[in-house]
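Examination of the molecular architecture
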Amino acid sequence: MVKFFLILYFFVFLVFESLESNSNMIEIQADVFTHDKENKRMYASGNVAVIDEEFKIFANKIFYNTEKKIISAREKVKIFYKDGSILRTENAIADNKLENGKFGKSYLYIPDDETDISIKDKNRFLRLAANSVERRTAVWEVFREAIFTACDICKNKKTNKYEEPLIQIKSKKVIHDKKKLIMKYYNSFLEISGTPILYLPYMSHPSPLVKRKSGFLAPQYFSNSYLGNSIDLPFYIPVNDYEDFTLVPKFNTKKNPVLFIEHRKNFKNGRIKSKISGTKADLNVNQLKKDKIRGHLKSNGTYNINRNLFADFQIHKSTDKNYIQAFKYDYENTLHSNLRLLKFKKNNFLGVELHSFQELRNNVERKETPRISPRIISKLSSIKTFDGFNWDTNFEYLTLTREQGTDLSKVFLLQNFEKPMLLNDGSHFNLGFHINAGFYKVENYNDPILGVQKSSFYKSKFYPQITLDYSKPFYKINRISKQILEPKFLIVGGSNNGNNLNLPNEDSRSYDLDYIDLFERNRLSGNDRLDNGTRIDYGLNYVNQNLKNGLITNISIGHSYRIKKDVYQPNNSGFENKLSNLLSVINIRPTSNLNFKSQFSIDSKDFSFSQSVTNIILGDSKNRIFLTHLLSKSQDGIEATTISKRNQIDVGFNNKLSQFWSFEGKSNFNLVNELKFLNWNAKIKYQDECFGLSFSWNRQYTYNAESPTSNNFLFLFSLNKIMENDL
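We now turn to the structure provided with this report. (Residues numbered from 1 in each chain as written. Predicted model: local features only at pLDDT ≥ 70, side-chain atom pairs only at ≥ 80, totals over all residues. Heavy atoms only, no water.)

Examining the overall build of the protein chain
Worth spelling out the cut-off: Starting at the N terminus, helices and strands are each numbered in turn, a helix being any DSSP run of H or I of at least four residues and a strand any DSSP run of E of at least two. The reference for a compact globule is 2.2 Å times residues^0.38; the radius of gyration itself is calculated from the C-alpha atoms. When a residue's accessible area, from a 1.4 Å probe over protein chains only, is under 20% of the maximum for its type it is buried; when over 50% it is exposed; and in between it is partly exposed. Each accessible area is a Shrake-Rupley result for a 1.4 Å probe, and residues are judged covered by the shown protein chains and nothing else. We score Asp and Glu as negative and Lys and Arg as positive, and we do not count His or the chain ends. Charge coordinates come from a single atom per side chain, which is NZ of Lys, CZ of Arg, CG of Asp or CD of Glu.
Of the regular secondary structure elements, the protein chain holds three helices and 45 strands. Here the C-alpha atoms of the protein chain give a radius of gyration of 36 Å, more than 25% beyond the 27 Å that 2.2 N^0.38 yields for 727 residues. Along the first, second and third principal axes, the C-alpha atoms of the protein chain reach 110 × 75 × 55 Å. Counting over 727 residues, the protein chain shows a buried share of 41%. A total of about 40100 Å² of accessible surface is found on the protein chain, and carbon and sulfur atoms cover 56% of it. Charge separation in the protein chain, taken as the distance between the mean sites of 104 positive and 78 negative side-chain charges, equals 1 Å.

Dropping the structure here:
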């Protein structure tokens, strides 16, 4: 008998009552059911659960009108929605879809998926509390006597009471329009730690349910001597799910307002992103010009025409060389515009390109800036195999013109034949034969040999080479580490007449030899000049991985010897003499808190550093000090671009002061002849789960008359889900 009652009780506890409503099926679970068939009502009590595809209701008591399809819930009511929202209320009465209803004193929790999980755990919620809630047609809600916050609510251990959130909005009425995806506040106070600081008769912000909604973004304030006090007031406009605009008017106390527009659009097979700005301001380039239209355009995009064919473009232009730097819009020395059509198929490639450039540097003649239209490049390759015969054919045609200076058209062909071999002991050999052939049409060329200008002529070149490279890795493993030691050799054979100075050099004017390039057949950047002659490259690469912490140390060192000196290479380039510079790359990481990297080139004659780039990082993600040192001797030559000596240091640190506060600072300075600062930067930032602010100082030594060296201050703040900013 006892077993019978236990089974009966268990059965009652798991009773499922299915009800049909407008083709909707819901389930009701409870400890006890009472069905009033005469009044068409059902009562459920004790651990009641109403289950639907869109929601779940849990309460102590549920009353259901089977005729009118109305649910009434009381005592410890919790509603879990499909979108992750949770409503906790004293009582609720609604239709069986919860599209229309009234709720008593309620607390709504909306999941916050965008908060940085490093600040808090993943399961964060935005909170909205109200004395009463009314819902209509599932897309319109009104909260009366409401409070909204994106902050966590903490409990004071001493008083055993919950404290006021850092940032909250108290309103007489809040309307959540889920159709227009906007929240409207009426008669509101913005409070900080429970203290009202700002009265707002009306305000609105995007619904937490939407990621993209039109409206004002957090403003940005900064100050410098050229623009004065400036404020950016960005306004965001989403066109649809695939396109949006950001309008950013910049108001300045010393200059006219500037309008900046950013446009983004995604296509089914591509995307486009554009930035444009403009204003009317005085122009001081060579001479003062009053009230000129000034601005810039930067636009780029890609489009996949089919699986193997795509096009991309970039347009980057400015009305003058000072505008972008003076008005603080992504300064670059050279603005590059291009249009490309590229096709890939297996190992083959074909590209058609157009290029133009705009120089912003004062020491570069604008009329000598080249335009390339068109450039056609292709590569045809066999399938690469070991112990087989491999080949590839590289073709280039281009036409280069200038307003003033040399124009040329050229056709260049590089044909490679290679026979790789992999032996059983791991040794790798590769025997190669290479043909470099070119045909040029040149106009207005100043011949550096004869010292005269040639109006128009044709010239060709033909240069064969042979190569043999060898490498063999040696492997060792023990309880502490894994180690690989790999010697490498490359022999390049060719005559010493591979270069002709009667031809202009457009793509091989500056070059620094480093370990990465050491074992390349042609160590120059282009094909107007070749790394000719006969030479042997040799080096050693060592890798050690600590098996306990997984950290890797890598050391590479190499050298090169050529039979005959190449007098036409730039001085201090590292490979103009018979013996090249000694080249090395070192990456040492003994612990997770120390990382040392250095890439350097040492002169073989006096063992001085010709080039050196060293990086040191000390610390972890919370507290870190970093230093970068760049050292470079000056370079010049018969046709090389002159590069002055550099001895430059970047130093800085990041410090996480507490859970929410951080500070960072850095500086860049030059040590050639005397200490010369290039810039200073510092930022202090506070950011928690609901609020953030940052204050930045930057002093940039610009040496630009229209944007003189000055102190720049930038203040940003962000209110999560209300007015956000990238701090």
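We are not done yet, so read on.
With respect to the nonpolar core
Inside soluble globular proteins, nonpolar side chains tend to come together where they are buried. The criterion, for reference: By convention a nonpolar core is built from buried Ala, Val, Leu, Ile, Met, Phe, Trp, Tyr and Cys residues, the set being connected through side-chain atoms within 4.5 Å. Contacts are assigned to residue pairs with any non-hydrogen atoms lying within 4.5 Å of each other.
The biggest cluster of nonpolar side chains holds 46 residues, and the ones touching the most others in it are Val50, Ile57, Ile62, Ile79, Leu128 and Phe143. With sequence-adjacent residues up to four places away left out, Phe143 is seen in contact with Leu108, Leu128, Ala130, Ser132, Val133, Lys172, Lys173, Val174 and His176. Of all hydrophobic cores here, the second largest spans 14 residues; its members include Val258, Ala281, Ile324 and Leu360.

Quick notes on the layout of surface pockets
The gaps left among the atoms become clear once a water-sized probe is rolled over them. Note the threshold: Put plainly, a pocket is an open set of points on a 1 Å grid over the protein atoms alone with protein on both sides within 12 Å along at least five of seven lines, a cavity is a set where a 1.4 Å probe fits but cannot get out, and a lining residue has an atom within 4 Å of a point. Grid points are joined across faces, edges and corners, and a volume is the space filled by probe spheres set on the points.
For the second largest pocket, the calculated volume is near 1300 Å³. Along the wall of the second largest pocket there are 40 residues; nearest its centre are Gln220, Phe222, Lys328, Asp330 and Leu714. Every element with two or more residues in the lining of the second largest pocket is listed here: β18 (220–224), β21 (243–252), β22 (258–266), α2 (323–326), β42 (661–670), β43 (676–687), β44 (691–700) and β45 (710–719).

Considering unusual backbone geometry
The linkage connecting Ser373 with the following residue, Pro374, adopts the cis geometry, with an omega of -5°. Mapping Pro374 onto the fold places it in strand β28 (residues 371–381). The residue Asn47 is not glycine, and still its phi comes out positive at about 50°. With respect to the helices and strands, Asn47 occurs in strand β4 (residues 41–51). Of note, Glu75 is a non-glycine position whose phi angle comes to about 65°, a positive value. Position of Glu75 among the secondary structure elements: in strand β6 (residues 70–81).

Notes on the packing of aromatic side chains
Under the convention used in this document: In this scheme Phe, Tyr and Trp rings, the latter by its six-membered ring, pair at centre separations within 6.5 Å, and the angle between planes marks the pair as stacked below 30 degrees, edge-to-face above 60, and tilted otherwise. Here, over-ring charges are defined by two tests on the NZ atom of lysine or the CZ atom of arginine: distance to the ring centre within 6 Å, and angle to the ring normal within 35 degrees.
The final tally for this structure, using the stated rule, is 24 aromatic pairs. Relative to Trp680, the ring of Phe677 lies with its centre 5.0 Å away and its plane at 40°, an arrangement referred to as tilted. According to the relative accessible area criterion, Phe677 is partly exposed, its value standing at 27%. Through pairs of rings, three or more aromatic residues link up here, namely Phe260, Tyr323, Phe327 and Tyr329. The ring of Phe474 carries the charged tip of Lys472 above its face, separated from the ring centre by 5.0 Å. The ring of Phe519 has Lys488 sitting right over it, with the charged end atom 4.7 Å from the ring centre.

Quick word on the side chain of Arg529
For clarity, the threshold we go by: Two N or O atoms count as a polar contact when they lie within 3.5 Å, although within protein this holds only if one can serve as hydrogen donor and the other as acceptor, and sequence-adjacent residues are included solely when both atoms are side-chain atoms.
Topologically, Arg529 is positioned in the loop between α3 (515–518) and β35 (535–546). Residue classification places Arg529 among the buried positions, given a relative accessible area of 3%. A polar atom in the side chain of Arg529 sits 2.6 Å from the backbone oxygen of Leu503.

Some thoughts on the pattern of salt bridges
For clarity, the threshold we go by: What counts as a salt bridge is simple: a side-chain nitrogen of Lys or Arg found within 4 Å of a carboxyl oxygen of Asp or Glu.
This model, assessed by the stated rule, comprises 32 salt bridges. Here Glu262 ties to Lys273 by a salt bridge, and the two come within 3.7 Å at their closest N and O atoms. With Glu262 in strand β22 and Lys273 in strand β23 (residues 270–285), this residue pair connects regions lying 11 residues apart in the sequence. The exposure class of Glu262 is buried, given its relative accessible area of 14%.

A look at the environment of Leu583
Assignment of secondary structure puts Leu583 in strand β37 (residues 582–591). Excluding anything up to four places from it in sequence, Leu583 contacts Leu513, Asp514, Tyr515, Leu518, Ser556, Ile557, Gly558, Phe600 and Ser601.

Some remarks on the pairing of strand β36 (residues 552–562)
Worth spelling out the cut-off: For two strands to be treated as a pair, DSSP must find at least two bridges joining them.
Where β35 and β36 come together, 11 bridges link them in antiparallel fashion. Looking at the pairing, Tyr538 lines up with His559 of β36. In this antiparallel pair of consecutive strands, β35 and β36, the connection spans five residues, and Gly550 shows a positive phi of 75°. Judged from the five bridges that link them, β36 and β37 form a sheet pairing that is antiparallel. Among the inter-strand pairings, Gly558 is bridged to a residue of β37, identified as Leu583.

A short note on the pairing of β28
The side chains of a regular strand alternate between the sheet's two faces. Two strands pair when backbone bridges link them, and strand β27 (residues 348–359) and β28 are joined in this way by seven bridges, in the antiparallel orientation. Each bridged residue has a counterpart across the sheet, and for Leu350 the counterpart in β28 is Ser378.

A look at the environment of Phe80
Within the secondary structure, Phe80 sits in strand β6. Remark: the alpha-carbon pair of Phe80 and Tyr109, spanning 29 residues in sequence, is separated by 9.6 Å. The contacts of Phe80, once residues within four sequence positions are left out, are Glu54, Phe55, Lys56, Phe58, Ser85 and Ile86.

Structural notes on a nonpolar patch on the surface
How we decide: In this scheme, patches are assembled from residues that exceed 30% relative accessible area and form no salt bridge. Like charges are connected within 9 Å, while nonpolar side chains (Val, Leu, Ile, Met, Phe, Trp, Tyr) are connected within 5 Å.
A cluster of nonpolar side chains, contributed by Phe216, Tyr221, Ile231, Leu233, Phe251, Leu657, Trp661, Ile684, Phe695, Phe713 and Phe715, occupies part of the molecular surface with about 950 Å² of accessible area. Inspection of the secondary structure puts Leu233 in the loop between β19 (228–232) and β20 (235–240). With a relative accessible area of 31%, Leu233 lands in the partly exposed category.

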